[in-house]
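# Architecture and fold: a report
Here is how the chains run, residue by residue.
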Number of protein chains: 2
Amino acid sequence: MSEVTPRFATGAPQNLEERFAGRAAHMQPSEIRSLFAVASRPEIVSLAGGMPNLSALPMGMMADVVQKLILNNGQEALQYGSGQGHPKLREQICEVMALEGIRANPDDVLVTTGSQQALDLISRIFIDPGDVVLAEAPSYVGALGTFHQYEAKVVHVETDDLGLVPDGLRAAIKSVRASGRRIKFLYTIPNYQNPSGVLLPADRRTEILNICRTEGIFVVEDNPYGLLGFDKPSPNAMRAEDSENVIYLGSFSKTIAPGMRVGWALVPPSLKEKLIIASESSILCPSNFSQLTISSYLADQPWRDQIASFCDLYKVRRDAMLESLDEHFPVTAKWTKPGGGFYVWVTLPEEIDTKALMPKAIVAKVAYVPGTAFYADGFGSWSMRLSYCYPTPERIREGVKALGGVIKTEMARRGGNQLN
Amino acid sequence: MSEVTPRFATGAPQNLEERFAGRAAHMQPSEIRSLFAVASRPEIVSLAGGMPNLSALPMGMMADVVQKLILNNGQEALQYGSGQGHPKLREQICEVMALEGIRANPDDVLVTTGSQQALDLISRIFIDPGDVVLAEAPSYVGALGTFHQYEAKVVHVETDDLGLVPDGLRAAIKSVRASGRRIKFLYTIPNYQNPSGVLLPADRRTEILNICRTEGIFVVEDNPYGLLGFDKPSPNAMRAEDSENVIYLGSFSKTIAPGMRVGWALVPPSLKEKLIIASESSILCPSNFSQLTISSYLADQPWRDQIASFCDLYKVRRDAMLESLDEHFPVTAKWTKPGGGFYVWVTLPEEIDTKALMPKAIVAKVAYVPGTAFYADGFGSWSMRLSYCYPTPERIREGVKALGGVIKTEMARRGGNQLN
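Source: prediction; values computed, not measured. Throughout, a residue's number is its position along its own chain's written sequence, starting from 1. To label them, take the chains in the order written and letter them from A, then take the ligands in the order written and number them from 1. For this predicted model, a pLDDT threshold of at least 70 governs which residues receive local features, and a threshold of 80 or more governs which side-chain atom pairs are given and counted, while totals over whole chains, interfaces and linings are taken from all residues. Side-chain metrics rest on all non-hydrogen atoms present in the structure, leaving aside hydrogens and water.

## Some words on the environment of Lys 272 of chain A
Residue and element names in this part refer to chain A. What counts is decided by this rule: Helix and strand definitions here come from DSSP, where helices need a minimum of 4 consecutive H or I residues and strands a minimum of 2 consecutive E residues; each element is numbered from the N-terminal end. The cut-offs for exposure are 20% and 50% of the maximum accessible area for each residue type, with area from a 1.4 Å probe on protein chains only; residues under the lower value are buried, those over the upper are exposed, and the others partly exposed.
Of note, Lys 272 is situated in helix α9 (residues 269-283). Look at Lys 272 and you get partly exposed, because its relative accessible area is 24%. In this structure the C-alpha to C-alpha distance between Lys 272 and Pro 129, which are 143 residues apart in sequence, comes to 23 Å.

Dropping the structure here:
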C-alpha cells in the first residue's frame, strides 16, 4: 500500500500517443507536405518541388558505373562501412569543394545521408530548447522543420536582392541579445538560396563572417547549389575564408543524383568526434553502396562536364520562367532573377494570400509553394516560391501563364470587392 | 549600459565545445569503438565484428540487378522518393515479414536507413530524459548507445539460456515503479539475440506480451536475425501475436547486404505520422537507389534460397566455433549454443576481466568484444561476445585456440597469485 503510484498504472495498454516524449509535440507536418501529393498529379504543372532534373544524366553511363563497382568491389560496396564515411570519397569531396575555394582535410569531413542528416546532427549537438538560430528571411523549409523539432526559436534576418543584409544581421543579434536569449548559430545558404534564388556577393560574405566572429556566433553554411551558377562561378564559399567558425554542408543531390542520399559536413576538428558519434547513433554508417557509386563516378566520369550540362538545362528553364513571368504576371508583382539554382521568389501585392489561393491554382492546373512555408513566424503570406528545375520549358510557360491568370483574377476580385 | 548581458559576450569566438547542447554530454564513444580499428588489422582473427559474410552473395547477379534497374528505371531510382519509403518495397517487406507470421499493411511500414535509424526515431519520439527502457541483460550495444544519447536509463532484465525470464521482467517492472520512475518500453531481440545468440521460445513470447499488455508497457521487437535459423524456423515474431502493443524493426542488412542501409519499422497506425515526420526531419527520405535495388532483387531473384545459403555458411562457422570452444576453453567457462544468427556469449570465471585481457588477446592475434559493452550498468566484466559470422572456419578455430590459451594463462597467473 505504500508503493509509489506509477505514472502509467497497470491495466489496459494506453495509447502510444500518451507515451510520446515532450519533444514529439514539435514534430508537426510542414505546410507543404500535403501539397506535394496534389502537385505530383500528372495534369498539374508543378512549380512546387525542388526535384533535380535528371534527364541530362546519361543512364547508360550510370548503369555501367554501378555494374563495374559491384563486379570489382562488391564485397566492400555492399558491406558496412565506417561511421565517418569512406576515406576515398572524403578525399574526392575535398576536390569538389576546392572548386569553391575550400582547402580542407578529408579527416574533417563526415559523409551524411543527404545534407538533411547533417542539419539534424548539428541541431542535435548544439540546440538546447529555446536557443535562437538566425536564418535568412525566407529560408529552407527543411532546415526550419529540423530546428523546430529541436525546439529552437528561429529569428529571421533581413534580406534583399543580394541576400543577407549585414546591418540586418547586426540588428537581429542586438535585438535577440537584448531579450536575453542565446544565439547558437547563423544558418545561411549563400548560393542561389532556397527559396529566394539570390546570390550573396563576396564582400557581404566577408562582412558577415567578420560580424559572426566578432559576436562569437558560428556559421552553418549550406551549399547545395554553389556549382549551379549559369553564367559565372559563384564567389568562394564562406568556409574558404574561415575554417574555424564555419560548419560547411555540401551535397551531391543537385550535382549528381538525390536518390543516392549522399551529402557531407566539413567541420572544425573540435566538432568531429561528437558528430561521428551522433551519426553512428543515428544510422550506424552511411551507405557504402551509394558512397562508392559516387566515388567511382567521380573517379572515372567527366563530372565537371555533367554539371555544365545540368547548368545548361536549368538556364533554359530559368529563362522560360523569367520571360513568362514578364509576360503573364501583374505589373505590381516583383520577383528575383536567379543566376543559378532552382528557384524564383515572387512577391505579390500584400492583399494576396498565396496559401488561400492554392486551391484556385490547382483548379487552373498549376502548383507552387506558398511563402509562409519558408518563415518560422507566419510571415510571407503574399509571396510564393516557383521552381523551374523540373518541368519542360513549355510546361513552365504554361504553368506561369495559368498562375498569372489566377492571380490577376484574384486581384480583380479584390479590387472589385473594395469598390463594393 | 542597461542592456542584458548576453550569455556569449562579444569578442573572440568561443570554442565550439562551449556551445554544445546539454544532450551532447551523452554522446560518448562506445567502449568497442577503438577496438574495431585494432581488430580490423589483417593479422588479427577478429571474433569481434558483426559484419555479415557476403562471400555467399553472387556479385555477378547483384551487378546485373543494379545495372538493369538504372537502365530501366534510373529516373526514379536516382531521384528523391517519399519520406515513408517506396510503396512497392513496403509491399515486399510485408511478404518478407509474413515468413515470421506477421500480417501487416504496407501503409504501416516506414523504410529506414538501417534499423539503427528506426531505433533513433523511436527514441526521439518516446524518450524524455530519465525515462526507463527495459532491455535484456546483456543487450545490443548500438541500441544502448542510442537510448543513452536520449538520456534514458536502461534497466536490464534477467535472462537465461532461453532469453528474457518472464518473472525477471515482472520483478524489474515492480522495482522500477517502486522507485517512481516511468518505463517507456521493453526493447528485445527475441531471435538469436545480439550478443547472447539465444532464442526466445514461443511460450515465453506470449507470456512476455501478456505481461507488457497488462502493465501498459509497449514492446520494441528488434529482429535482424529471425530468418537466420540454422536447423528450423524461429517461432513467430512477437508482432504476429500483438499488432497494437509492438513496434517491430526489421532489416535487410543480414539477409541481403548491409551496404544498402535498408531497414524498416512496422508500427501501430497511431504512431505512423510522427515517425514519418521525424524521419523526414532526419534524412528527408530513404535512398531510392538502395530501396529499388532491394526491391528488384526481391522481385526477380531467389531470395529465399539466398538466405538458405547464408544459413549454411553461418552454420559451418557456428559449428567450428562451438567445437573449438569445447576443445580449447577452460572447463570452468560456459557459453551459449546458438541455433542461428552470428554470436556466442561466453561467461568466464568471475575473476577474469575481459576488458583488461584484450591487450593480451591482441598480442595473441585474436579479438573479441568485452562483455561490459553490452550492459548499461558496468556489469559483464567476466563475459565476452564471440562472432563467428565473418572469418573462415579455419580462422575461427585458430582464433578460439589462441584466445583459450590467453584465458588459461590468465587463470593460471591468478591461481598462482592466490598461492603467493
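## Quick word on helix α3 (residues 87-98) of chain B
Residue and element names in this part refer to chain B. Inclusion rule: In this analysis, the expected span of each helix is defined as 1.5 Å times one less than the number of residues it contains. Contacts: residue pairs with any heavy atoms within 4.5 Å of one another.
Here α3 contains 12 residues, and its C-alpha end-to-end distance of 17 Å stays within 8% of the 16 Å for a straight helix at 1.5 Å per residue. Of all the positions in α3, only Leu 89, Arg 90, Gln 92, Ile 93, Cys 94, Val 96 and Met 97 are classed as buried. In this structure, the buried residues of α3 make contact with β2 (109-112), β9 (246-251), β10 (263-266), α10 (288-300) and α11 (303-328).

## A closer look at the relation of the copies chain A and chain B
Short version of the rule: Superposition of the copies used a least-squares fit over C-alpha atoms from residues whose pLDDT is at least 70 in both.
Superposing chain A onto chain B takes a rotation of 180 degrees plus a shift of 0.0 Å along the axis, which leaves an RMSD of 0.0 Å. Within this description, the copies of the chain are treated as partners about a two-fold rotation axis. Proximity to the rotation axis, assessed at the C-alpha, singles out Gln 67 of chain A in chain A; its C-alpha lies 2.7 Å from the axis. Mapped onto chain B, 99% of the interface residues of chain A again fall at the interface, so both copies present the same surface.

## Quick notes on the UniProt feature "domain: Aminotransferase class I/classII large" (unreviewed entry) in chain A
Stated precisely, the cut-off is as follows: UniProt positions are given in the numbering used here, feature names are shortened, and annotations may be inferred rather than shown by experiment.
The positions UniProt marks with the feature "domain: Aminotransferase class I/classII large" (unreviewed entry) are residues 61-403 of chain A. The annotated region residues 61-403 of chain A carries 46% helix and 16% strand content, and the separation between its end C-alpha atoms amounts to 38 Å.

## Examining the interface of chain A and chain B
Filter applied, for reference: The buried area of a pairing is the accessible area, by a 1.4 Å probe, that goes missing from both parts when the two are put together, added over both. What makes a salt bridge here is a side-chain nitrogen of Lys or Arg within 4 Å of a carboxyl oxygen of Asp or Glu, nothing more. By the criterion applied in these results, polar contacts are pairs of N or O atoms within 3.5 Å in which, for protein atoms, one can donate a hydrogen and the other can accept it, and in which residues neighboring in sequence qualify only through two side-chain atoms.
Taken residue by residue, the interface counts 100 residues in chain A and 100 residues in chain B. Between chain A and chain B lies a buried interface of about 8600 Å² when both sides are counted; carbon and sulfur atoms form 58% of it. Joining chain A to chain B, the criterion identifies 2 salt bridges. The salt bridge involving Asp 120 of chain A is made with Arg 124 of chain B; its shortest N-O contact spans 3.0 Å. Remark: the boundary between chain A and chain B carries 44 residue pairs in polar contact (both at pLDDT 80 or more).

## Thoughts on unusual backbone geometry
Glycine aside, the phi torsion of most residues is negative, and most peptide linkages are trans. All names here are of chain A. Pro 195 follows Asn 194 through a cis peptide bond whose omega is 20 degrees. In this structure, Pro 195 sits in the loop between β7 (183-188) and α7 (202-215). For Lys 365, which is not glycine, the phi torsion reads 65 degrees and is therefore positive. Tracing the sequence through the fold places Lys 365 in the loop between α12 (354-363) and β13 (366-367).

## Details of the domain arrangement of chain A
Residues and elements named next belong to chain A. Stated precisely, the cut-off is as follows: Boundaries of every domain are those given by an automatic assignment or by a domain database.
Taken domain by domain, chain A holds domain 1 (24-57 + 305-419) and domain 2 (80-300). Carbon and sulfur atoms make up 68% of the area that domain 1 and domain 2 hide from each other, which totals about 2600 Å². Ranking the residues of domain 1 by area buried against domain 2 places His 26, Tyr 343 and Phe 374 at the top, with a combined share of 22%. Between domain 1 and domain 2 we count 1 salt bridge in total. Across the pair Asp 231 and Lys 315 runs a salt bridge whose closest N-O atoms are separated by 2.7 Å. At the surface where domain 1 touches domain 2, the tally comes to 8 residue pairs in polar contact (both at pLDDT 80 or more).

## Quick word on the packing of α9 of chain A against helix α4 (residues 114-126) of chain B
For the record, the criterion: Helix axes are fitted to C-alpha atoms over the stretch in contact, other axes to C-alpha atoms as well, and angles between N-to-C directions run from 0 to 180 degrees. Each angle receives one of four descriptions, namely roughly parallel if under 35 degrees, roughly antiparallel if over 145, roughly perpendicular if within 65 to 115, and oblique otherwise. Polarity classes work like this: nonpolar for Ala, Val, Leu, Ile, Met, Phe, Trp, Tyr, Cys and Pro, charged for Asp, Glu, Lys and Arg, and polar for all others, with Gly in that last group.
One way to put it is that α9 of chain A packs onto α4 of chain B with a least axis distance of 5 Å and a crossing angle of 100 degrees. On the basis of the axis angle, α9 of chain A is roughly perpendicular to α4 of chain B. Where α9 of chain A abuts α4 of chain B, its residues Glu 280, Ser 281, Ser 282 and Ile 283 of chain A lie against Gln 116, Gln 117 and Asp 120 of chain B. The residue makeup of the contact of α9 of chain A with α4 of chain B, split by class, is 1 nonpolar, 4 polar and 2 charged.

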